[in-house]
Amino acid sequence: MVKIQNIAVLTSGGDAPGMNACVRAVVRAAIYHGIGAYGVIDGFNGLIKNQFKKLDYHDVSNIIQRGGTILGTARCPDFLHKKERKKAFINLQALKIDALIIIGGDGSFKGASIFSHEFDLPIIGIPATIDNDITGTDYTIGFDTALNTIIDAVDKIRDTASSHHRVFLVEVMGNNSGILALNAAAASGAEEVFMPERNEDLQKFEEKLRRALAANKSSIIIVAEGDQIGGAKEVFAYLKDKNLSDKVRVAVLGHMQRGGSPSFLDRLNATLFGEQAVVELLQGNTNLYIGMHNNKVIASDINHTQVKSPPKNMDYLKIIRKLSVY
Ligand code: F6P
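These figures come from a predicted structure and were not determined experimentally.

## Overview of the pairing of strand β10 (residues 288-293)
Within β10, five of the six residues are buried, which leaves it mostly tucked inside the rest of the structure. Pairing of β10 with strand β11 (residues 296-301) involves six bridges; the strand directions are antiparallel. Paired with Ile-290 across the bridge in β11 is Ala-299. Counted along the chain from β10 to the antiparallel partner β11, the turn is two residues long, and its residue Asn-294 has a positive phi close to 45°.

Okay, structure coming up:
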């Protein structure tokens, strides 16, 4: 085991449900191993601006169930500049912090990896984003809760859709990935899904909708925010152009998808990932990110993360369509 005096943990990028559970696991695991723990406020910004909070056992009590992140988070373009990274390192040195754990997305890992190489500082990444768009892990923290939130919202929208025999274009997040949309569509019983990874045949879609509307049937169409048409409003504009929009409504779910109490799976993964990150540091490992593959916690080279596209389970699309032939 390597001797580590203090570690710092930060959350970076978009908040994701389960980040708090992960912070708790990191802090408690560190304390268990006799390591001091600091939380960094507002992601990499806090490193640069010297905003740290010493975290003791009870500072992370009662947060496992809370959405968002108690540490605050930010996207931090300043960290791209070497001068700012140098400031961050000086701040870490002053507190005798000799390792860093970054809970965030792919972009956050890239900055952290550069930092680690520049200053020979051990770092471990933990993937947390509702987008689940990072290679090398089956799940990122937040994905499962966001899916449950979407499904819950679609269930509610369905009440109006079926009562009024309407079509709802439900726009979901996901950045440039359709993983969230695809899984949400399969699990909410949607009739169609638009994703960034696919160029859909709009004419076929139009025909399918005409058949559904002629039969007074409601439909749920999940549209990923990054889809090739330009989101739900653009799909609506296309249908309007075809005189097909009377019974069509748009619901953009937005940031509600990032909020709320984390699900069982997100709390569990966050806890396992957080504990493993501390263990990796103690074993003298660095520049790794933790993940889950085939239900096993794994650690991979942080420089090998890429945005995963297309989703591995693209075959869901065939099933979605098979189950909604009209
Ligand atoms: O990465 C998470 C995510 O919610 C994406 O799905 C979305 O495109 C983006 O963040 C929105 O970012 P912001 O909250 O900065 O507008």
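That was the structure; now back to the text.
## Focus on the domain arrangement of the protein chain
Segmentation of the protein chain into domains returns domain 1 (6-142 + 262-306) and domain 2 (146-258). Taking only C-alpha atoms, the centre of domain 1 and the centre of domain 2 are 35 Å apart. The interface of domain 1 with domain 2 comprises ten residues on the first partner and ten residues on the second. Taking both partners together, domain 1 and domain 2 bury about 800 Å²; carbon and sulfur atoms supply 50% of that area. Broken down residue by residue, the surface that domain 1 buries against domain 2 is led by Asp-15, Ile-130 and Asp-131, which jointly contribute 57%. Between domain 1 and domain 2 we count one salt bridge in total. Linking Arg-258 and Asp-15 is a salt bridge whose minimum nitrogen-to-oxygen distance equals 3.0 Å. For the side of domain 1 that touches domain 2, the residue count by class is two nonpolar, four polar and four charged.

## Re the site of the ligand
In the vicinity of the ligand, the contacting residues are Arg-75, Thr-129, Asp-131, Met-173, Gly-174, Asn-175, Glu-225, His-255 and Arg-258. Within the side chain of Asp-131, one N or O atom sits 2.7 Å away from an oxygen atom of the ligand. With respect to the ligand, the side chain of Arg-258 contributes an N or O atom lying 2.7 Å from an oxygen atom. Residue classes in the shell around the ligand are distributed as one nonpolar, four polar and four charged. There are two domains that each give the shell around the ligand at least three residues, and those are domain 1 (6-142 + 262-306) and domain 2 (146-258).

## Describing the packing of helix α6 (residues 179-188) against helix α10 (residues 315-322)
Interhelical geometry of α6 versus α10 gives an angle of 35° and a closest axis separation of 10 Å. Considering only the axes of α6 and α10, their crossing is left-handed. Facing Leu-182, Asn-183, Ala-185 and Ala-186 of α6, the residues of α10 in contact are Tyr-316, Leu-317 and Ile-320. Across the contact of α6 with α10, the residue classes break down as six nonpolar, one polar and no charged.

## Some thoughts on the nonpolar core
Counting residues in hydrophobic clusters, the biggest one holds 63 residues, and the most contacted among them are Ile-7, Ile-101, Ile-103, Ile-126, Val-193, Ile-220 and Ile-222. Looking at which domains feed residues into this core, each of domain 1 (6-142 + 262-306) and domain 2 (146-258) gives three or more. Ranked by size, the runner-up nonpolar core spans 25 residues in total, among them Leu-92, Phe-115, Ile-123 and Ile-134.

Cut-offs and rules
- Residues numbered from 1 in each chain as written.
- Predicted model: local features only at pLDDT ≥ 70, side-chain atom pairs only at ≥ 80, totals over all residues.
- Heavy atoms only, no water.
- Buried < 20%, exposed > 50% of the residue type's maximum accessible area, 1.4 Å probe, protein only.
- Helix = DSSP H or I, 4+ residues; strand = E, 2+ residues; numbered from the N terminus.
- Pairing = 2+ DSSP bridges.
- Domains from an automatic or database assignment.
- Contact = heavy atoms within 4.5 Å.
- Buried area = accessible area lost by both parts, 1.4 Å probe.
- Salt bridge = Lys/Arg side-chain N within 4 Å of Asp/Glu carboxyl O.
- Nonpolar A, V, L, I, M, F, W, Y, C, P; charged D, E, K, R; others polar.
- Near = heavy atom within 4 Å.
- Polar contact = N/O pair within 3.5 Å; in protein donor to acceptor, adjacent residues only side chain to side chain.
- Axes fitted to C-alpha atoms, helices over the stretch in contact; angles between N-to-C directions.
- Left-handed = near helix turned anticlockwise from the far one by under 90°.
- Core = buried A, V, L, I, M, F, W, Y, C linked by side-chain atoms within 4.5 Å.

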